[in-house]
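Structural overview
So the chains spell out like this:
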Amino acid sequence: MSVSSKFCKIRKLSFCFMFFYLSTALASNLPHREFNVTRQSGWYRFASADHDVLKCISFNTWGLPISLHGHDQKDRFERMPDSLLNVGADILCLQETFHPVLRNGIINKLTADYYFKGDYRCDQSVLGIIQKDCRGGLMTFSKFPVVSEEFYPFPSIEGISIVEKIGAKGFLFSVIDMDGKKLNIVNTHLYAGEDQNSEHKRLQQILFMKKKLAEIPEYYLFPTILMGDLNTTHPTIISDERTHVKSEIYPILTSDLDFADSCIEVCENDFTYNGKLNYYIKSKANLQKLDYCMFKNQKGTYKLQLLSQSLAFHYNSFLSDHFGLRVEFKINNNDFLESIDEFVIRY
């Protein structure tokens, strides 16, 4: 372990102890309460307090618009809708749902339990032989009503691959109404590729997203959760065994756009693209964190506080070449407690 890594861990522990001390001091001056947990409107509500838990899932479904050997599309597409329903997420952000069979299966299974706004059954023909969706392979489902949704396709980039042209990626911006509390959801899938040229294309896509977000009034009014397959290297992955191109987009997201990452330091249990475990990945040495969840609070409204992050769909019969990403947030109206939590997360 490097000196910087040791320092990082010591610093995190120090902040955690500080947070525990402050929380205990505050709690000692508060009256005792019994918290009864009930399921209501798709999330866990603590009946005696204004604390709520919101469970979000991001998942690259590997639903390519063409059938390729070894992809087991028939089997995976049949199992996936039930798996998505049974995971019990409040927010589902899906990528690579290009294939009409997969999309229709998901819609048919989730319609009774989830809201969605876009015309996800829309098909378009590519080269007269491929049928794909109209929203860059993206689908966002919510246990709460979806007030609005807009798809922003990424502009054409010089030198883009034919696969990316067919994918026609972009980002979905959805506004969700959680019993009067509005929440923005950004669902996206960036350019694929491990070289510096691919990373530069992702940078152009993120700069386009930054420009468009600045034009959306709701972005400045409500908290925002950004989820998706960013195809970029997390800055803490720097060992000799994992030689990756340095991310150009991560600083834009976390500094310029001021998003907080749900994963501040990657460990073995954070790889959403894991060749050691997932038999759909050819190279067993391929360990990557491609899927992310980031969040951003706004002043004058409720706060999102990160509770946990873990993998989803990572056991037994795999549904995709990716694992899902599960992130849970606490909905909190207490600005002081939130500021302590965010301080610990960021530093």
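The preceding data block contains the structure.
First things first, this report covers the structure right here in the doc. (Residues numbered from 1 in each chain as written. Predicted model: local features only at pLDDT ≥ 70, side-chain atom pairs only at ≥ 80, totals over all residues. Heavy atoms only, no water.)

**Considerations on the overall build of the protein**
If you tally the helices and strands in the protein, you get eight helices and 17 strands. The buried share of the protein, taken over its 347 residues, is 52%. Taking contacts inside the protein between residues at least 6 apart in sequence as the whole, the part at least 24 apart equals 71%. About 16,500 Å² of surface is accessible on the protein, with carbon and sulfur atoms providing 56% of the total. (Helix = DSSP H or I, 4+ residues; strand = E, 2+ residues; numbered from the N terminus. Buried < 20%, exposed > 50% of the residue type's maximum accessible area, 1.4 Å probe, protein only. Contact = heavy atoms within 4.5 Å. Areas by Shrake-Rupley, 256 points an atom, 1.4 Å probe, with all protein chains shown as cover.)

**Remarks on the sheet that holds strand E9 (residues 170–178)**
If you trace the six strands from one edge of the open sheet to the other, you get E8-E9-E10-E11-E15-E12, paired in mixed fashion. Here the strands that pair on one side only, and so sit at the sheet edges, are strand E8 (146–153) and strand E12 (260–261). (Pairing = 2+ DSSP bridges.)

**Comments concerning the layout of surface pockets**
Estimated volume of the largest pocket: approximately 740 Å³. For the largest pocket, the lining is made up of 36 residues, of which Glu96, Val163, Glu164, Lys169 and Ala192 are closest to its centre. Among the elements of the structure, strand E3 (52–63), strand E6 (130–132), helix H4 (162–167) and helix H5 (196–213) are those that each provide at least two residues to the lining of the largest pocket. For the lining of the largest pocket, the element with the highest residue contribution is H4, accounting for five residues. Looking at the lining of the largest pocket, its residues break down into 15 nonpolar, 11 polar and 10 charged. (1 Å grid on protein atoms, 1.4 Å probe; cavity = no way out; pocket = protein on both sides within 12 Å on 5 of 7 lines; lining within 4 Å. Points joined across faces, edges and corners; volume = space filled by probe spheres on them. Nonpolar A, V, L, I, M, F, W, Y, C, P; charged D, E, K, R; others polar.)

**Concerning helix H2 (residues 73–86)**
Taking 1.5 Å of rise per residue, the 14 residues of H2 would be expected to cover 20 Å, and the 20 Å separating its terminal C-alpha atoms lies within 8% of that figure. Taken as a whole, H2 carries its principal kink of about 35 degrees at Met80; the proline Pro81 stands between one and four residues after it. Within H2, the full set of buried residues consists of Gln73, Arg76, Phe77, Met80, Pro81 and Leu84. The first or second residue beyond H2 is Gly88, which carries a positive phi of 70 degrees. (Expected span 1.5 Å × (residues − 1). Bend = angle between axes of the 7 residues up to and from the residue.)

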